[in-house]
Amino acid sequence: MRRCDRAAARHPECGRLPRVTVMTVIAGLSLLVWMWLLLGQGFFWRTDVRLPRHPAEPSEWPAVAVVVPARDEAAVLGLSLPSLLAQEYPGRAEVFLVDDGSTDGTGDTARELAADRGGLPLTVSSPGEPPPGWTGKLWAVRHGIALARERTGAEYLLLTDADIAHRPDSLRALVAAADGADLDMVSQMARLRVETGWERLIVPAFVYFFAQLYPFRWINRRRGRTAAAAGGCVLIRASAVDAAGVPDSIRQSVIDDVALARAVRRSGGRIWLGLADRVDSIRPYPHLGELWRMVSRSAYAQLRHSPALLGGTVAGLALIYLVPPAAAIGGAAAGAWPLCALGAAAWAVMTATYLPMLRYYGQRRWLAPTLPYTAALYLLMTIDSAVQHYRGRGAAWKGRTYSRPTPTQPSEGSPQ
């Protein structure tokens, strides 16, 4: 028996020393990453990036066209569309709902709501099936923008989803913010529905992870390189649409909101993104399956369909979110107190950064330490997204499946 083997036999803890040392180093690295995220990632965890409460208003309100792409949305239109028709906007505004091949009577429902509720003028149109190389939503948006500009000559376009409800002063606040700060695009992350147990567990984390990946403060810098938007609520100047060549230049994008923001930024436009106070998503996600599909349908597209990026993402998520609780609990169980302390410290920083998002969503503080569990679910969703892609079912949404963009189309995850 070699000397080290004899030592390990006499002192079993010696045999565990290398493993504990490696785990301690990994836990220490996780803590360092969390300290960097806390201080160096654009203060992504703060939730105070909002539209000004009382912005200076323009002396003359510009005309606005509201474009709503809708595919099989009859169930939610009763709450969302009336909120658009009831906008208290001082200037001229019209709503254009584009029925994207719905089979549930979406177009008829919209017309009935407009007839019953009144308010802003509503036009319902349909572009037909998208040609090859286009996603259905962007084909509908293209049709809606062209029709709206032909009918109204609007200076601004509000692109909003059919499951988004707006407070009566939402459009007024968006236009005032864009005009007052000379912004080409203003986007708000709609407040998502949080009512069921699964929604409480997953939805606030979804916005938290998005802000971590795309820190709002970095997006809103005048000369920043980070670009992203929230597709549920985007106000954009018509001139910026022309300068960026959208939506034609992003026609294959599954993550169309991020692609739109990058196209506007590349063309020299000024963009802004923040959390919403006047805009709410009304789409329910009562079960894990619906939330799983929401995330997994585009997760691998965000990684540019790259196995290498997928591997790096899985390793990164494990280091950042799974190592801290494993080190804290495992270290305590093994009596490895340095390991436990490092893991607990990283877990504490993680928990502290998640609390503001939970407060924004009106959720209980005790959910904050459960973020590693939620991150593990997101890790599995990301892997499932890649699996579905290679099975030919990637980016499937409402009866359509989109393949990987061709090389001529910049992918959503490409650096800008």
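For every chain, the first residue of the written sequence is number 1, and numbering continues from 1 along that sequence. It should be noted that, the model being predicted, local features are given only for residues of pLDDT at least 70 and side-chain atom pairs only at 80 or more, the latter also being counted only at that level, while totals for whole chains, interfaces and linings use all residues. Water and hydrogen atoms play no part in the side-chain values, which are based on all heavy atoms of the structure.

This paragraph deals with the overall build of the protein chain. Within the protein chain, the secondary structure is distributed over 14 helices and 10 strands. Buried means the residue's accessible area, taken with a 1.4 Å probe over protein chains only, is under 20% of the maximum for its type, while exposed means over 50%, and partly exposed covers the values in between. When the 416 residues of the protein chain are sorted by exposure, 54% land in the buried category. Nonlocal contacts in the protein chain, meaning residues at least 24 apart in sequence, comprise 82% of its contacts between residues at least 6 apart. Approximately 18700 Å² of the protein chain is accessible, and the part contributed by carbon and sulfur atoms is 57%. Helix and strand definitions follow DSSP, with helices as H or I runs of at least four residues and strands as E runs of at least two, each counted in order from the N terminus. Contact definition: two residues touch when any of their heavy atoms are within 4.5 Å. With residues, only the protein chains shown are counted as cover, and all accessible areas are computed by Shrake-Rupley using a 1.4 Å probe.

This part is about the UniProt feature "transmembrane region" (unreviewed entry) in the protein chain. UniProt positions are given in the numbering used here, feature names are shortened, and annotations may be inferred rather than shown by experiment. With numbering matched to this structure, UniProt assigns "transmembrane region" (unreviewed entry) to residues 20-39, 201-219, 303-323 and 335-355. Secondary structure content for residues 20-39 is 100% helix and 0% strand, and the end C-alpha separation is 29 Å. The span residues 303-323 is 81% helical and 0% strand by assignment, and the distance between its end C-alpha atoms comes to 23 Å.

Take a nonpolar patch on the surface next. Taken together, the side chains of Met35, Leu39 and Phe43 present a nonpolar region at the surface, about 270 Å² in accessible area. Its location among the elements puts methionine 35 in helix α2 (residues 12-40). Patches here are clusters of residues that have more than 30% relative accessible area and form no salt bridge, with a 9 Å joining cutoff for like charges and a 5 Å cutoff for nonpolar side chains (Val, Leu, Ile, Met, Phe, Trp, Tyr). Any Lys or Arg side-chain nitrogen located within 4 Å of an Asp or Glu carboxyl oxygen qualifies as a salt bridge.

Glancing now at the pairing of strand β7 (residues 233-237). Within β7, five of the five residues are buried, which leaves it mostly tucked inside the rest of the structure. Burial along β7 is two-sided: the residues Cys233, Leu235 and Arg237 and Val234 and Ile236 are all buried. When DSSP locates at least two bridges between a pair of strands, those strands are taken to pair. In this structure, strand β6 (residues 185-191) lies alongside β7, joined through three bridges in antiparallel fashion. Each residue of the ladder has a partner; that of methionine 185, found in β7, is isoleucine 236.

Here we take up the packing of helix α3 (residues 74-85) against helix α4 (residues 106-117). It is at 10 Å that the axes of α3 and α4 come closest, and there the two elements cross at 40°. In terms of orientation, α3 lies oblique with respect to α4. α3 and α4 meet at a crossing whose hand is right-handed. Contacts between α3 and α4 involve Ala74, Leu77, Gly78, Leu81, Pro82 and Leu85 from the first element and Thr106, Thr109, Ala110, Leu113, Ala114 and Arg117 from the second. Fitted lines through C-alpha atoms serve as axes, helices being fitted only where they are in contact, and the angles separating the N-to-C directions of these axes extend from 0 to 180 degrees. Angle categories are assigned with fixed cut-offs, so that under 35 degrees is roughly parallel, over 145 is roughly antiparallel, 65 to 115 is roughly perpendicular, and the rest are oblique. The handedness criterion is simple: a crossing whose near helix is rotated anticlockwise from the far helix by less than a right angle is left-handed, and one whose near helix is rotated clockwise is right-handed.

Once that is clear, we can look at the packing of helix α7 (residues 197-213) against helix α14 (residues 371-390). Packing of α7 against α14 leaves a shortest axis separation of 10 Å and a crossing angle of 75°. Relative to α14, the element α7 is oriented roughly perpendicular. In contact with Trp198, Leu201, Ile202, Ala205, Phe206, Tyr208 and Phe209 of α7, α14 contributes Leu371, Tyr373, Thr374, Ala375, Leu377, Tyr378 and Met381.

Another aspect to go through is the sheet that holds strand β5 (residues 164-166). Picture the strands of a sheet paired through backbone hydrogen bonds; they go either parallel or antiparallel. If you trace the eight strands from one edge of the open sheet to the other, you get β3-β2-β1-β4-β7-β6-β8-β5, paired in mixed fashion. With one partner strand each, in any of the chains shown, β3 (122-125) and β5 form the two edges of the open sheet. Going from strand to strand, the sheet's axes swing by 30° on average, the running direction of each strand aside. Sheet topology note: the strand β1 (residues 64-70)/strand β2 (residues 93-99) ladder contains seven bridges and is parallel. Bridge pairing in β2 links valine 68 to leucine 97. Sitting on the sheet, helix α6 (residues 170-181) touches β1, β2, β4 (156-160), β5, β6, β7 and β8 (271-281), and the angle it makes with β7 is about 45°.

Each helix should span, by expectation, one fewer than its residue count multiplied by 1.5 Å. Over its 12 residues, α6 extends 17 Å from the first C-alpha to the last, a length consistent with the 16 Å expected when each residue adds 1.5 Å. Every buried residue belonging to α6 is among Ser170, Leu171, Ala173, Leu174, Val175, Ala176, Ala177 and Ala178, and all of these are buried. Count one or two residues on from α6 and you reach aspartate 182, which has phi positive near 55°.

All right, on to the confidence of the model for the protein chain then. On average, residues of the protein chain score 91 in pLDDT, and 90% of them reach the 70 mark or higher. As a per-residue measure, pLDDT tells how confident the predictor is, with possible values from 0 to 100. Low pLDDT, under 50, characterises residues 408-416; the stretch is placed with 26 contacts to residues that sit more than four places away or in other chains.

Further remarks concern the environment of tyrosine 300. Positionally, tyrosine 300 belongs in helix α11 (residues 288-302). Spatially, the C-alpha atoms of tyrosine 300 and glutamine 388 are 9.2 Å apart, while their sequence positions differ by 88 residues. In this structure, tyrosine 300 is in contact with His305, Ser306, Pro307, Leu310, Ser385, Ala386, His389 and Tyr390, ignoring residues within four places of it in sequence.

Another point: α7. In this model, α7 (17 residues) spans 25 Å end to end at C-alpha, consistent with the 24 Å of a helix rising 1.5 Å per residue. With respect to burial, α7 is a largely interior element, 12 of its 17 residues being buried.

The next point concerns the packing of aromatic side chains. Note on ring pairs: Phe, Tyr and Trp rings are taken, using the six-membered ring of Trp, and paired if centres are within 6.5 Å. Classes follow the plane angle, with under 30 degrees stacked, over 60 edge-to-face and the rest tilted. Taken as a whole and judged by the stated rule, the model has 12 aromatic pairs. An angle of 75° between the planes, with centres 5.4 Å apart, marks the rings of phenylalanine 209 and tyrosine 321 as edge-to-face. With phenylalanine 209 in helix α7 and tyrosine 321 in helix α12 (residues 307-334), this pair connects stretches of sequence that are 112 residues apart. For the pair phenylalanine 209 and tyrosine 321, one class covers both residues: buried. Seen in terms of ring centroids, phenylalanine 210 and tyrosine 214 are 5.2 Å apart; in terms of plane orientation they differ by 50°. Their pairing is tilted.

Looking now at the environment of isoleucine 255. Assignment of secondary structure puts isoleucine 255 in the loop between α9 (238-244) and α10 (256-266). Note: C-alpha distance between isoleucine 255 and arginine 297 (42 residues apart in sequence) is 9.8 Å.

A separate point is the pattern of salt bridges. Taken as a whole, this structure holds 20 salt bridges when the rule is applied. For arginine 46, the salt bridge is made with aspartate 48, and the minimal N-O distance between the two is 2.5 Å. As a salt-bridge pair, arginine 217 and aspartate 48 come within 2.7 Å of each other at their nearest N and O atoms. Separated by 169 residues along the polypeptide, arginine 217 in helix α8 (residues 216-219) and aspartate 48 in the loop between α2 and β1 bring together distant segments of the chain.

In this fold, glycine 28 is placed in helix α2. Here the alpha-carbon distance between glycine 28 and glycine 343, two residues 315 residues apart in the chain, equals 7.6 Å.

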